[in-house]
Amino acid sequence: ERQVISRECAAIRTAFAEDCKDQGQFRHRNVAKLLFIHMLGYSTSFGQMECLKLISSVKFPEKRVGYLGLTQLLDENTEILMLVTNSIKNDLLGHNQFVTGLALGGLGNIANPEMCQALAGEVEKLLTASNPYIRKKAALCAMRMVRKNEDLEDKFNHRIGGLVEDSDHAVALCGCSLLIAVVDTYPEYTRDFRKHIGSLMLVLKGILSSSYSSASEYDVSGVTDPFLQVKILRVLRVLGQGSVDAADDMNYILAQVATNTEGTKNAGNAILYECVQTIMAIEAESGLRVLGINILGRFLLNHDPNIRYVALTTLQKVVRVDLKAVQRHRDMILDCLKADNDPSIRKRALDVAYALVNEDNVKNMTKELQNHLITAESDGFKDDLVMRICACIEQHAPNRRWQVDNLIRVMCLAGDMVPPDVRSMFCHIVASTPELHAYTVHKLYFSLTNNAAQEALQHVGIWCVGEFGDLLCNGTATGPDDQPIQVTPADILDLLQGIIKQPATKGTKTHELIASCLMKLAARFPGELERIRKMMRKFETSLSAELQQRACEYSKLMESDWDSCRADVLDRMPVCDKPLGGASDVGEVAAPSISVSNGAAGQGDLLDLDVDALLNSDPVPAAAPPAVPAASNDLLDDVFGIGGPSPSASAPTPSAAPVDDLLGGFFGDSPPAPVAAAKQYPDIVAFSCDELRVIFAIAPGSAPGATQVQAIFANLGSVPLTNFVFQAAVPKYLTLAMETASTAVLAPRTERAGYQVINVTNSTNGARPIMMKLRIQYTMNGQAVVQQGQVSNFPQGL
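All figures in this text were calculated on a predicted structure; none of them were measured in a lab.

A. Up close: the environment of V685. Tracing the backbone shows V685 in strand β3 (residues 684–688). When its relative accessible area of 47% is taken as the criterion, V685 is described as partly exposed. Note: C-alpha distance between V685 and I712 (27 residues apart in sequence) is 9.6 Å. Aside from chain neighbours lying at most four places away, what touches V685 is R693, V694 and N793.

Structural data, given as structure tokens:
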């Protein structure tokens, strides 16, 4: 091909260069050949000057080829383009309509700003020519001039009204296009053009009537002049945006178009689609918007996939305008999501379904999407579906319990497709909601038993088992038959052993999590330490340097030399400060009854206690507030027996050294020593039982009425006390601020196993004594223990 093209180009060059009598006769044929060669992608720049010569010819066939070559072989940046300006001007002023049409067409395709400035006057005169063929060409040429030269922004504005009201179909079409071009380029003229809305509505009304003069000439599949109808509707949309008065004027004609247009043919559907676009863009009446959305609902039932796609695309935009009306077509949208074979329609239906989700329907919509997740194909669409479901759960969850349940369900159905940020969010939710610790770890344990191959479920399940595995074995959880759920440490290790035996197809991330989980369980289940050591040794020979190093460090930490500090190192991870989305309500926890939140969010919640209720051994509230359904375990219900929500103060979650930072402990670093208070009052025993003693070291504070109390915890037994939580409540005239406890695990036979600082302010400056009621929780030998006590032997005058 290249050889043929090169040979032919050489022959054409020779023909252009020869000065013979036959050259002019065949010049237009040679340029026509160049046009074909240009279409094939070869250079034809040597023929540009020949196009200019043809344009200056007096013969119409040559002039026609010259203008065609001008539009194809040159562009607006070609330097020789200005040489043709005079020839085009002469043709614009000519008397042959076809030659004038060629000049307008060439100018409308290739004119640069200089040419537009030079020829704008001639084009303006042609807008009022008697020949409709010239008028429509001039209108299209004026569109380019308006866009290319800012100095001509209002040059043709006074001519547009006559064009859009022209009785000729083509002229009216081109006039509407010119109006849209001016408004799009210079929006400040929109208000000036609104005076033509009445004329446009009359034209549209005439088209809809049976007396339209061009009905037979411009009929398409039984629809009268659909092209002009669509263009007028588009102009009305442009002019009606942001104007209530203009929208009121359009409501009637838009309703007529929407109700009188037949939607069985594509021409009618095009008009209805443009009508809906206009209705949604302007400040239309609510009834008219509902009518437009119902039209889109009919489109969803159409067998043509293109029409369904257009309807879904429009509905996605309309959701922000009238959500309630779109909700009525939710079933049809979900049908497109589930039953359509076209992946582009399924993806668009998913976008619309996601936009429909709110706090009122999130449960039903999430259930529908999860049901479709079972049958969805893994062709990229399933990944999008998982992402949308997770986003719905995060943004619109009614409570934390529901959020956890549905994220676990998604991970059971499509765990390999749940992205890492969702897994991290799930762990953050669980860690930040102590009420759900036991419930979540039980649910994940049994989910892993049945779906151990899902990667995301493995990762979050292993993490939760490592953090809260002791809650699996404390026997407080009950099943649907109200019978205790029995899980032993051996069952947990058997589950982890089964996951280890699975082929590692996606790297060693799962094994790294299992190693950290085993290390955590070594502190939770001292009786299984030997088996945990044996499982850990398998990782010491891993091909992964990270896993091998971590396993060696963990094995070292399980040696007897580290018995005294192992519990502190392997304490639960502290909650990070990252904010959580969705509802903050925990929801009803049907699994084990667990304690209230240890976070500082409840600080000062006990400040409104009645002192009589505090001092009575069997307290009764003086003025109980209206009963409110309690979804969470209120500290007052457990400690004081007060039936109704009341503020409570609880200690923040004890901080713990992260598992990833074990080397610091290997080099002999010890936990920071507690700050010694200035001791001016004798210590008092605040609480004592067989395995635990709490001593208060009291010192005056810096402010009047302030007292600092350091609660020192002594473990008198031979086993560690884990999950230790210390809480206190005071009367109304006292304010209480509890700092973070030093540890959540009390080592056995240790007089100073942990401490916690309590700052108390007495508003009476010692006139009334300091009194406290205590609630202490911990786990001993796998059993949850709750202790209560009262402290009323504080020194006088504090």
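Moving on from the coordinates now.
B. Main features of the nonpolar core. L70, M145 and F426 are the most contacted members of the largest nonpolar core, which totals 198 residues. What M145 contacts, discounting residues up to four positions off in sequence, is L107, C116, L119, A120, V123, L152 and F156.

C. Representation of the sheet that holds strand β5 (residues 706–715) within the structure. Within the open sheet, the 5 strands sit side by side as β3-β4-β5-β8-β7. Their pairing is antiparallel. Where the open sheet ends on each side, the last strands, each with one partner, are β3 and β7 (734–738). For this sheet, the mean angle separating the axes of adjacent strands, direction not counted, is 30°. Where β5 and strand β8 (residues 750–762) come together, 9 bridges link them in antiparallel fashion. Residue pairing across strands places A706 opposite T761, the latter belonging to β8.

D. Spotlight on the packing of helix α27 (residues 489–501) against helix α29 (residues 529–537). Running from N to C, α27 and α29 point in directions that differ by 5°, and their axes come no closer than 11 Å. Regarding the angle of α27 to α29, the classification is roughly parallel. Touching A490, L493, D494, L496, Q497 and I500 of α27 are R531, I532 and M535, all from α29.

E. Layout of helix α22 (residues 381–396). Along its 16 residues, α22 runs 22 Å from first to last C-alpha, staying within 8% of the 22 Å computed at 1.5 Å per residue. Where α22 is buried, its residues contact α19 (330–339), α20 (343–356), α21 (362–375), α23 (400–414) and α24 (420–432).

F. Quick look at helix α15 (residues 266–281). Its 16 residues give α15 an end-to-end C-alpha distance of 22 Å, which sits within 8% of 22 Å, the value for a rise of 1.5 Å per residue. Counting buried residues in α15 gives 12 out of 16 residues, a clear majority hidden from the surface. Of the surrounding elements, those touching the buried residues of α15 are β1 (219–220), β2 (223–224), α13 (226–240), α14 (244–260), α16 (286–300) and α17 (305–318).

G. How the structure looks around the pattern of salt bridges. The tally for this structure, following the rule as stated, stands at 28 salt bridges. A salt bridge links D470 to R572; the shortest N-O distance between them is 3.1 Å. Here the residue D470 occupies a position in helix α26 (residues 455–472), and R572 occupies one in the loop between α31 (563–569) and α32 (611–615), the gap between them amounting to 102 residues. Of the two residues, D470 and R572, both sit in the buried class. The partner of E553 in a salt bridge is R550, with the nearest N and O atoms 3.5 Å apart. Linking E553 with R550, this pair stays in helix α30 (residues 545–557), spanning 3 residues, or about one helical turn. Residues participating in the shared-partner salt-bridge network are R27, E50 and K53.

H. Up close: the sheet that holds strand β6 (residues 722–729). Spatially, β6-β9-β10 is the arrangement adopted by the 3 strands of the open sheet, whose pairing is antiparallel. This sheet does not close on itself; its edge strands, each paired only once, are β6 and β10 (783–791). Within the sheet, the average angular offset between the axes of one strand and its neighbour, ignoring direction, is 15°. Relative to β10, strand β9 (residues 772–780) runs antiparallel, the two being bridged by 9 bridges. Bridge assignment links M772 to a residue of β10, and that residue is V791.

I. Examining unusual backbone geometry more closely. Of note, D225 is a non-glycine position whose phi angle comes to about 45°, a positive value. Mapped onto the elements, D225 comes out in the loop between β2 and α13. The buried category is assigned to D225, whose relative accessible area is 1%. Here R749, not a glycine, exhibits a phi torsion of approximately 50°, which is positive. Mapped onto the secondary structure, R749 falls in the loop between β7 and β8. Judged by relative accessible area, which is 65%, R749 ranks as exposed.

Criteria and cut-off values
Residues numbered from 1 in each chain as written. Predicted model: local features only at pLDDT ≥ 70, side-chain atom pairs only at ≥ 80, totals over all residues. Heavy atoms only, no water. Helix = DSSP H or I, 4+ residues; strand = E, 2+ residues; numbered from the N terminus. Buried < 20%, exposed > 50% of the residue type's maximum accessible area, 1.4 Å probe, protein only. Contact = heavy atoms within 4.5 Å. Core = buried A, V, L, I, M, F, W, Y, C linked by side-chain atoms within 4.5 Å. Pairing = 2+ DSSP bridges. Axes fitted to C-alpha atoms, helices over the stretch in contact; angles between N-to-C directions. Parallel < 35°, antiparallel > 145°, perpendicular 65-115°, else oblique. Expected span 1.5 Å × (residues − 1). Salt bridge = Lys/Arg side-chain N within 4 Å of Asp/Glu carboxyl O.

Keep in mind that these numbers describe shape and distance, not what the molecule does.
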